[in-house]
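Examining the three-dimensional arrangement
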Amino acid sequence: MSTTILLDCDPGIDDALAIAFAVGHRSIELAGITTVAGNVGVDKTTVNALAVSEFTGAKAVPVIRGCAAPLLGATRDARDVHGDSGLGGAVLPPPAREAEPGHAVDYLIQTIGAAPGEITLVATGPLTNVALAVRREPRLAGWVRDFVIMGGSTGRGNVTPAAEFNIWADPEAASIVFGAGWTVRMIGLDVTLQALATPSVRSRMRECGALGSELLLPALSQYRDSAASDPAVHDVCAVASVAEPSVFGYAPALVEVETAGRLTSGMTVTSFGSGSPNASVATSIDSGAFWDIALSTYRELAAAMG
Ligand code: BDR
Ligand code: CA
């Protein structure tokens, strides 16, 4: 049985790999992609989402542009990690189509509201679109089948000692999202820093045809993720957790987002054992199984792309 997902993202090298994983995995149906400013500005994340979905053969998946700036603070990007285009060294053909008319926030509310209990929302960028959606339509929290984010950490951050990028880039949005009354399935640095594209993983990507040689490998070749020795494919973990739940282990926790700290803004302060959890926090990953699944998904997608 397949799971229908909406992917809210900021491609972004690992977001691009997450899109490819979602397109390629046989138990995922990718119903739509919404974009947000994050790794690069929203114009670029939108073009990248269109280019990656077209390149991987998912031309029919709608792409809808979202917020260009965080709710309150200054706009911050991660061009130093993902390059000016957002896709590292990958240069894909320019997309033939444009984003759908309308705004990502409306699209999320309408699409999830039209099929309550059926759609899993996966967010792999700053949480600006999701925060606005759930503020405008609080019933969204009860309509999702599941809600998964790549974001946060129970320990150290990657962009500051305290904060992970997606939370740090819009901490007020993250605070709204964690307080919205649903259980946030948090795939944070605790597990994603164990999903490293090591030299041996990258050599297996050479078996992935044009998908490997034109997207996966050139994108990763210029991924400057200084928190890890090899590139960590954070966002792929979030989508993989939907497709392959047994690869991850979880613990319930109360997660609160620091929005006021001078040095700790964007920190996900995590209390395990709290009597009122709002999150299911990923605490373990089987990295070998993760890569076996990711690489076989990419190989199958490469074969389908021809
Ligand atoms: C997260 O930040 C972004 O740079 C990546 O795309 C990922 O979503 C990792 O901290
Ligand atoms: Ca991302």
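Summary of the structure given here. Sequence order sets the numbering: in each chain, residues are counted from 1 along the sequence as written. By the order in which they are written, chains take letters starting at A while ligands take numbers starting at 1. For this predicted model, a pLDDT threshold of at least 70 governs which residues receive local features, and a threshold of 80 or more governs which side-chain atom pairs are given and counted, while totals over whole chains, interfaces and linings are taken from all residues. The basis for every side-chain value is the complete set of non-hydrogen atoms in the structure, without hydrogens or water.

Side note on the coordination of the calcium ion (ligand 2)
Heads up, the condition is: For Na, K and Ca the donor cutoff is 3.2 Å, while for all other metals N, O and S atoms must lie within 2.8 Å; water is not among the atoms, so some sites may look incomplete. Only DSSP runs of H or I reaching four residues or more are called helices, and only runs of E reaching two or more are called strands; each is numbered from the N terminus. Accessibility here uses a 1.4 Å probe with only protein chains present; expressed as a share of the type maximum, an area under 20% marks a residue as buried, one over 50% as exposed, and anything in between as partly exposed.
Ligation of the calcium ion (ligand 2) by protein atoms is provided by Asp10 (OD), Asp15 (OD), Asp15 (OD), Thr124 (O) and Asp235 (OD), these donors lying 2.3 to 2.5 Å from the ion. Here the donor residues of the calcium ion (ligand 2) are spaced in sequence according to D-x4-D-x108-T-x110-D. In this pair, Asp10 sits in the loop between strand S1 (3–9) and helix H1 (13–24) while Asp235 sits in helix H12 (residues 234–243), placing the two residues 225 residues apart along the sequence. Accessibility expressed as a relative area gives 2% for Asp235, which makes it buried.

Thoughts on the packing of helix H11 (residues 209–221) against helix H13 (residues 287–305)
Heads up, the condition is: Axis definition: a line fitted to C-alpha atoms, limited for helices to the stretch in contact. Angles are taken between N-to-C directions and run from 0 to 180 degrees. For classification, angles of less than 35 degrees are called roughly parallel, those exceeding 145 degrees roughly antiparallel, those between 65 and 115 degrees roughly perpendicular, and all remaining angles oblique. The contact definition used throughout considers only heavy atoms, calling two residues in contact when any of these lie within 4.5 Å. When residue character is reported, Ala, Val, Leu, Ile, Met, Phe, Trp, Tyr, Cys and Pro are called nonpolar, Asp, Glu, Lys and Arg charged, and the others, Gly included, polar.
In the contact formed by H11 and H13, the axes pass within 7 Å of each other and the chain directions differ by 105°. The angle between H11 and H13 places the two elements in the roughly perpendicular class. Counted together, Gly209, Leu211 and Leu216 of H11 and Tyr298, Leu301, Ala302 and Met305 of H13 form the full contact between these two elements. Split by residue class, the contact of H11 with H13 holds six nonpolar, one polar and no charged.

Observations concerning the site of ligand 1
To keep things clear, this is the line we draw: We define proximity as follows: a residue is near a molecule or strand when any one of its heavy atoms falls within 4 Å of that partner. Any N or O atom pair separated by 3.5 Å or less is treated as a polar contact, with the protein-specific requirement of one donor-capable and one acceptor-capable atom, and with residues adjacent in sequence counted only for side-chain atom pairs. Note on areas: these come from Shrake-Rupley sampling with a 1.4 Å probe, and a residue is covered only by the protein chains present in the view.
Residues in contact with ligand 1, as listed here, are Asp14, Asp15, Asn39, His82, Thr124, Met150, Asn158, Glu164, Phe165, Asn166, His234 and Asp235. Here an oxygen atom of ligand 1 and a side-chain polar atom of Asn39 are 2.6 Å apart. A total of 280 Å² of accessible area belongs to ligand 1 in isolation, and the protein chains cover 96% of it. Taken together, the elements giving at least two residues each to the shell around ligand 1 come down to H1, helix H7 (165–168) and H12. Split by residue class, the shell around ligand 1 holds two nonpolar, six polar and four charged.

As for the packing of aromatic side chains
Just so we agree on the cut-off: Note on aromatic pairs: the rings of Phe, Tyr and Trp (six-membered ring only in Trp) are paired at centre separations within 6.5 Å, and the planes decide the class, stacked below 30 degrees, edge-to-face beyond 60, tilted for the rest. Either the NZ atom of lysine or the CZ atom of arginine qualifies as a charge over a ring when it sits within 6 Å of the ring centre and within 35 degrees of the ring normal.
What the rule picks out here adds up to four aromatic pairs. When the ring of Phe165 is compared with that of Trp168, the centres are 6.0 Å apart and the planes differ by 45°; the resulting orientation is tilted. With Phe165 and Trp168 both in helix H7 and three residues apart, this pair spans about one turn of that helix. Accessibility classification places Phe165 together with Trp168 in one group, the buried group. The ring of Trp168 carries Arg76 above its face, with NZ or CZ at 4.0 Å from the centroid.

Regarding the nonpolar core
Soluble globular proteins: nonpolar side chains tend toward being buried together. Test applied: Buried Ala, Val, Leu, Ile, Met, Phe, Trp, Tyr and Cys residues form a nonpolar core when they are joined through side-chain atoms within 4.5 Å.
Core analysis: the largest hydrophobic core is formed by 69 residues, its most contacted members being Phe21, Leu211, Val239, Phe290, Trp291 and Tyr298. Beyond its immediate chain neighbours, meaning those up to four positions away, Phe290 contacts Ala195, Val233, Val236, Cys237, Ala240, Val247 and Ile285.

Thoughts on the pattern of salt bridges
To be explicit about the condition: A carboxyl oxygen of Asp or Glu within 4 Å of a side-chain nitrogen of Lys or Arg is what we treat as a salt bridge.
Within the structure shown, the criterion is met by ten salt bridges. As a salt-bridge pair, Asp106 and Arg136 come within 2.7 Å of each other at their nearest N and O atoms. Of this pair, Asp106 sits in helix H4 (residues 104–113) while Arg136 is found in helix H5 (residues 128–136), placing the two residues 30 residues apart along the sequence. Residue class for Asp106 comes out partly exposed when judged on its relative accessible area of 27%. Between Glu207 and Arg299 there is a salt bridge whose closest N-O contact spans 3.6 Å. Taken as a pair, Glu207 in the loop between helix H10 (199–204) and H11 and Arg299 in helix H13 lie far apart in primary sequence, 92 residues in all.

Comments concerning the packing of H1 against H13
Put simply, H1 and H13 touch, their axes get as near as 9 Å, and they point 70° apart. The pairing of H1 with H13 is recorded here as roughly perpendicular in orientation. For the pair formed by H1 and H13, the contact residues are Leu17, Ala20, Phe21, Val23 and Gly24 on the first element and Ile293, Ala294, Thr297, Tyr298 and Leu301 on the second. Taken together, the residues of the contact of H1 with H13 sort by class into eight nonpolar, two polar and no charged.

Details of H1
Note the threshold: A helix is expected to span 1.5 Å multiplied by its residue count minus one.
The end-to-end C-alpha separation of H1 is 17 Å, in line with the 16 Å expected for twelve residues at 1.5 Å each. In terms of burial, H1 is largely enclosed, as eleven of its twelve residues are buried. Taken residue by residue, H1 has Ile13, Asp14, Asp15, Ala16, Leu17, Ala18, Ile19, Ala20, Phe21, Ala22 and Gly24 as its buried positions.

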